[in-house]
Structure formats: structure tokens, C-alpha cells
Amino acid sequence: MSGGAKDALPNPLPGGEGTSGPLPNPLPKGEGTGGPLPSPLAWGEGILLRSPARLRLVLATAITLLAAALRFLYLGHDSLWFDEVLTRQTAAAGFTAALAVRDHVPLLYWLTTAVLRLLPEHEVTLRLVSALAGVLAVPLMVALGRVVRLSGAGLWAALLLAVSSFHIRYSQEARHYALLLLFGLLATVLLLRALERGRSRDWLAYGVAAALALLTHYSAWMLLLAQAALVAGWLLGRLRAGERGAAARLAPAVVVVGLTLLLLAPGAAEAIRANTAAAAGTTPAAPLGVWLRALGLEFGFFRLGPALALGVLAVVGAVVLVRRRPAAAAVLVVSAVAPVLLIQALGITRFALPKYVIYLLPIYLLAAGVGISALVSWWSLVVGGASESGWRRATAGGSFAVAAALLLVAGPAVASEYAQMVHDWRSAAAALGAAGPGDVVLAVALDTGDGFNAAGVMAPVYLDPGFRLLDGNHLTAAELEALAGAQGRVSALVLNLFAPVAVNDARWVATNHQGSLYSLARVGAGRDDVRRTGESATHEGGDVRTPRKVRRTKMATFWSRSRRCMGS
């Protein structure tokens, strides 16, 4: 690319399809330089884009602080759940242990290992990497808006991401998905910048971001395959234009990504074999319609009304984006559509779980942000009239009204997210109290597969180590004989996802904990440490039935079924 074309985003498609030339600067005298205000007729531009750079910085900082507060609030409240314990075990085993995990790549484990070398182990420290990744993604959304030269839309998209209950969930989980979104978003931002500037250091930065995404989760490969096609189109266009140095400028990214692929190739081959339609006994990929519905609902605050409203805004924003920034829109559309289509084409055996393509969320929210900017501009034009002061008041009022509406819509979804827990192992273990000589705990899964029985995996994290823990689903004759003559207490931790646990013996206390988890302890066992919480109920001759949240039960059921055919 010639030096004079640095201010124009080149078309990544060969032959110049989709655009008639360089993208114009949306502000007459340069964004934030104090020039005259553009006409309110310009779609997709609101008060946030026209405001001075200092105000935009203040708004971006405030949104980032809001995101940090929402992601660190209650970060250590929930018990670890099954997959998080796998993260804990792998990280505690050291840096080399991460390379031996079949279904996952090592970056999260490496980062968590480093955190545990510096800080004491706790739910907060185990989830710290994800929380920080979730916070850092918010200012990166602002950067995405700036790189497509729609800064106002970038701020709206950042606000949407900050209050997204879906993103908060995975920012508070010691798993890969918040990192996957962060590095997928970073790769997309740097790809747009590299396509615009074409410098070697820009391509190198993109290559590093792509490598980090590859090292985070195998599903990043689908995003990067789509972006590789865009890069190939860009290179072909440059070569046809006679730019012989284009391939050399691209080389640093190719080297970095190539070395990363070589490192991951052995594990990737096994993961592909085990998780595609070619693998025996695997679950077929969910249909495209199921995927689209799941993406729309979970990206849209888990409720149909807000999801539909956000979807309409995203469609409007996509139309505006295609009209105003066709080259950037081509990059974003391909990056958003290709991964879901590849899941269908390759027959990847996955339930429709949007967390596996979480890197699509920023693109979706950017389109919605453009739609919000267009809505505010339309409101300003209708209400503000032709005068500049009236237009400014209308734009400010419309912006504040939309921001308040977003917070009101997001509030219940965020509160519901905080209230949820997969399984409350902490309180279940506390209900059994301290262990004494000969005390035994049975870990039993009543209505889930043996692979999800938590014996030996979950219970030891919170249970007093003095208890002898037995797999209640597979008791041997010797274990049964030992239990018959046991001198200590015999208690149980029971998972029963699809129905309440029935206790027909008044000698037992049954306590229902979040996530369809029950602790069972004998009454009058000779210890004062067996206690009941507000959720516990002693049933004499009947069932123990305590209210459970329907949504949580559905989520637990969904996850438990999916783990049998995939790595989480």
C-alpha cells in the first residue's frame, strides 16, 4: 500500500467489490478537532460522536468503571462449579500440565497458574483472569468504533457490553470465554487497522492477537479462518494493483500464526476428531435456526422482548454500516457470519451454546450501537428542528433517555445473573459441618450420567478433608460392608437435576442448595455441627420440596447434558 492511502480503509475483497473508493472522514475538519458540526441528517451520528475528545474519554472511562464494578461485584460469591474445578486442578499442576489437556488450549491455564503463584488460592483469584479480560474488552469496544470511524456507535456498543448479563456471566467464570471474546475482538480491531494502513507492524500486531485467540480456545479457529479469507482477498487485490511489497508486509503475521498452529497441531487434530460428525457416538450439530435463536436470546439479556428490540437495532445498524462504511462492514459481516456457517458445514458436534462463539457479541453490539446512534439522530432531527441549540438539546435528551432505558432493561438480567449458581457446593459442605473419626460422605448423582457425578472432583474442594469420600454411584461390596459397621456419621451430597429429592425418614435432615444439590445428614448423630439453613426442611414421611428457579434448572440441565459430548 502506498503511503498516501493510509487514511482510507482498503477493500479487503479482490477487484474492489463493495465500495467505490476511499472512505470519507465523517467529520468535515477531522473528528474532535473543533470544526463545525456536521448536519444532523447524517445517519449514525449522535451527540457522543460530535462531542469533544475529552468528553468521549470521560464517557469511555465511566463505562469501563461501570463494567469493572459489575464484573468484580460478587466475583467470589458463587461456589466453583465442575469446569472451574478443572481449571483449578490444571493450573495448580503447573505450566506444562496445560499442554496435556485434550479439549482445550493452554493460555487460560498458564495465566491462572501465574496468578496462583502470586496470590493465594480463592474463588476470586481463580476468576481474576476472566474478570480482567471482561473489563478490558469494554474500552476495546470503543476502539472498534473508532477504527470504523463511528465513535458514537462505539461508545453505545461499549455501554451495551458493560451491562450485558451474558458477558458478565463469563467474566465471572474461571474458564476461557471472556479471554476468547477479548482476543477475538482485539484481532478484529487490529485486522481493520492493518487493512487500512498495511504496515508491517500492524500486521505483526494482528498476528499476535490472532495467536493469542488460537491459544485461548479451539473455536477461535473458525473466526480466524474467516479472517484469513479476508486477508487473502486483500493480498490478491494488492498484488493485482502491482504492490509487490504487500506480501512482505504480511509475512510477520503469517510467521506468528504459523508457529502457533504448529504448537497446537497435535492437540487440535485430536480435538477435531473427537468433536465433529466423524466421531462415533457424538451429538449432531444444532440446526442453524436453533443457533440463531440462542444467540439472539442470550445476547439480548435472556428475555424475548429486549432480545427482539436489540435485534431490530442491530439490523438497522447493519444497514447504516453497510451504507456508510462498506469495506469495514464487509470485514465485520464475514467475521460474524462465517463461524456459525462453519459449525454447520463441518458438522461440529455442539449444542447451540453461544459461549463457543462469544467473539460474535462485540460485532453484534457494534451494529446495535450504530442503530442507537441512528435512532438518536432521527429523534434530534424531528424534535430539535433546524436550530443548532434545539438540535443539541434534543440529542442530549435522546441520548440520556436511551442510556437510562438500557440500564433499566439490563438491571433485572444482571440481578438474575448474580442470583444464579450452578451448584452451591460451599453451603452443601458447610451443612455437613466438621468431620469426626470415621465420618463418611457419599457423593451421588441420581438422575445424571456417571460422568457428571462429582465424587472425587467437586466435593473435596469444600468438604472437610477429615471426611472419607465415596462414589455413591459405584459402591463396591467392601465399601458397603465397611459402611455397615461404620462408627462415625454417614452423610451424602446428592445431585438431582430433574426432580426434588424425596426423604421418607424423619431421622434425616435434607437441605436443598442452589443448583439441585442436596446435603443429607442424620438427625441426632451426636454432633452439634449438623445444622440447617433457611433452605433446609425436615420431612417426616414425605418428599422434601423447596422452590427452585426454573431458569437455573433449565441451565443446569442444558449444561449437564452437553458435557457428555463435549469439552466445556
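Residues numbered from 1 in each chain as written. Predicted model: local features only at pLDDT ≥ 70, side-chain atom pairs only at ≥ 80, totals over all residues. Heavy atoms only, no water.

**Student:** Would you mind showing me how to read the side chain of His-513 here?
**Tutor:** In this structure, His-513 sits in strand 5 (residues 508–513). Within the local environment of His-513, its side chain forms a polar contact with the side chain of Ser-427, the two groups lying 2.9 Å apart. (Helix = DSSP H or I, 4+ residues; strand = E, 2+ residues; numbered from the N terminus. Polar contact = N/O pair within 3.5 Å; in protein donor to acceptor, adjacent residues only side chain to side chain.)

**Student:** Got a minute to help me understand helix 4 (residues 107–118) in this structure?
**Tutor:** For an α-helix the count is 3.6 residues per turn, leaving residues at separations of three or four pointing the same way. Here helix 4 is 12 residues long and its end C-alpha atoms lie 17 Å apart, about the 16 Å a rise of 1.5 Å per residue gives. Turning to helix 4, its buried residues are Leu-107, Leu-108, Tyr-109, Thr-112, Thr-113 and Val-115. The secondary structure elements touched by the buried residues of helix 4 are helix 3 (82–92), helix 5 (123–126), helix 6 (128–147), helix 9 (177–197) and helix 10 (200–214). (Expected span 1.5 Å × (residues − 1). Buried < 20%, exposed > 50% of the residue type's maximum accessible area, 1.4 Å probe, protein only. Contact = heavy atoms within 4.5 Å.)

**Student:** Is there a simple way to think about the pattern of salt bridges in this case?
**Tutor:** Two side chains that carry opposite charge are able to pair once their charged atoms sit near each other. Inspection of the entire model under this criterion finds 11 salt bridges. Of the charged contacts, one joins Glu-196 and Arg-149 as a salt bridge, the two residues approaching to 2.7 Å between their closest N and O atoms. With Glu-196 in helix 9 and Arg-149 in the loop between helix 6 and helix 7 (151–162), the pair connects residues that are 47 residues apart, well separated along the chain. The buried category is assigned to Glu-196, whose relative accessible area is 10%. Residue Glu-417 is joined to Arg-169 by a salt bridge in which the shortest nitrogen-to-oxygen separation is 3.0 Å. Taken as a pair, Glu-417 in helix 17 (residues 388–419) and Arg-169 in helix 8 (residues 165–171) lie far apart in primary sequence, 248 residues in all. Of the two residues examined, Glu-417 and Arg-169, each falls in the buried class. (Salt bridge = Lys/Arg side-chain N within 4 Å of Asp/Glu carboxyl O.)

**Student:** Before we go on, may I ask you to explain a nonpolar patch on the surface in this structure?
**Tutor:** A surface patch of nonpolar side chains, amounting to about 590 Å² of accessible area, comprises Leu-375, Trp-378, Trp-379, Leu-381, Val-382 and Val-383. Looking at where Val-383 falls in the secondary structure, it is placed in helix 16 (residues 361–384). (Patch = residues over 30% accessible without salt bridge, like charges linked within 9 Å, V, L, I, M, F, W, Y side chains within 5 Å. Areas by Shrake-Rupley, 256 points an atom, 1.4 Å probe, with all protein chains shown as cover.)

**Student:** How do you make sense of the packing of aromatic side chains when you look at a structure like this?
**Tutor:** Each pair of aromatic rings is reported with the distance of its centres and the angle of its planes. Enumeration according to the criterion identifies 9 aromatic pairs in this entry. Taking the centre distance of 6.0 Å and the plane angle of 85° together, the rings of Tyr-177 and Tyr-356 count as edge-to-face. A residue pair is termed long-range when its members are at least 10 positions apart, and Tyr-177 in helix 9 and Tyr-356 in the loop between helix 15 (326–346) and helix 16 qualify at 179 residues. Overall, the relative accessible area of 1% leaves Tyr-177 in the buried class. Aromatic rings pair up to connect Phe-166, Tyr-170, Tyr-177, Phe-299, Tyr-356 and Tyr-364 into one cluster. (Phe/Tyr/Trp six-rings, centres within 6.5 Å; stacked < 30°, edge-to-face > 60°.)

**Student:** Looking at this structure, how should I read the packing of helix 14 (residues 304–324) against helix 16?
**Tutor:** Between two packed helices, the angle of one axis relative to the other and the distance separating the axes together describe the packing. It is at 6 Å that the axes of helix 14 and helix 16 come closest, and there the two elements cross at 80°. In terms of axis orientation, helix 14 runs roughly perpendicular to helix 16. Contacts between helix 14 and helix 16 involve Ala-307, Leu-310, Gly-311, Leu-313, Ala-314, Val-316, Gly-317, Ala-318, Val-320 and Leu-321 from the former and Tyr-364, Leu-365, Ala-367, Ala-368, Val-370, Gly-371, Ile-372 and Ala-374 from the latter. In the contact of helix 14 with helix 16, the residues fall into 15 nonpolar, 3 polar and no charged. (Axes fitted to C-alpha atoms, helices over the stretch in contact; angles between N-to-C directions. Parallel < 35°, antiparallel > 145°, perpendicular 65-115°, else oblique. Nonpolar A, V, L, I, M, F, W, Y, C, P; charged D, E, K, R; others polar.)

**Student:** What is the right way to look at the pairing of strand 3 (residues 490–495) in this model?
**Tutor:** A regular strand places its side chains so that they alternate between the two faces of the sheet. Of all the 6 residues making up strand 3, 5 are buried; the element is thus mostly covered by neighbouring parts of the structure. Alignment of strand 3 against strand 6 (residues 517–522), held across 4 bridges, turns out to be antiparallel. Paired with Leu-495 across the two strands is Leu-517, which belongs to strand 6. (Pairing = 2+ DSSP bridges.)

**Student:** Please clarify how the environment of Leu-108 should be interpreted in this entry.
**Tutor:** Following the sequence through the fold, Leu-108 ends up in helix 4. In sequence terms Leu-108 and Leu-215 are 107 residues apart; their C-alpha atoms lie 8.3 Å from each other. Not counting residues within four places of it along the chain, the set of residues in contact with Leu-108 comprises Thr-87, Val-129, Ala-174, Arg-175, His-176 and Leu-179.

**Student:** Got a minute to help me understand the packing of helix 10 against helix 12 (residues 246–274) in this structure?
**Tutor:** Closest axis-to-axis distance for the helix 10/helix 12 pair is 7 Å, and the angle between their directions is 15°. The angle between the axes of helix 10 and helix 12 places the two elements in the roughly parallel class. Regarding helix 10 and helix 12, the two cross each other, and that crossing is right-handed. Contact with helix 10, carried on its side by Ser-200, Trp-203, Leu-204, Gly-207, Val-208, Ala-210, Ala-211 and Leu-214, involves Ala-248, Arg-249, Leu-250, Pro-252, Ala-253, Val-256, Val-257, Thr-260, Leu-261 and Leu-264 of helix 12 and no other residues of that element. Here the residues of the contact of helix 10 with helix 12 sort into 14 nonpolar, 3 polar and 1 charged. (Left-handed = near helix turned anticlockwise from the far one by under 90°.)

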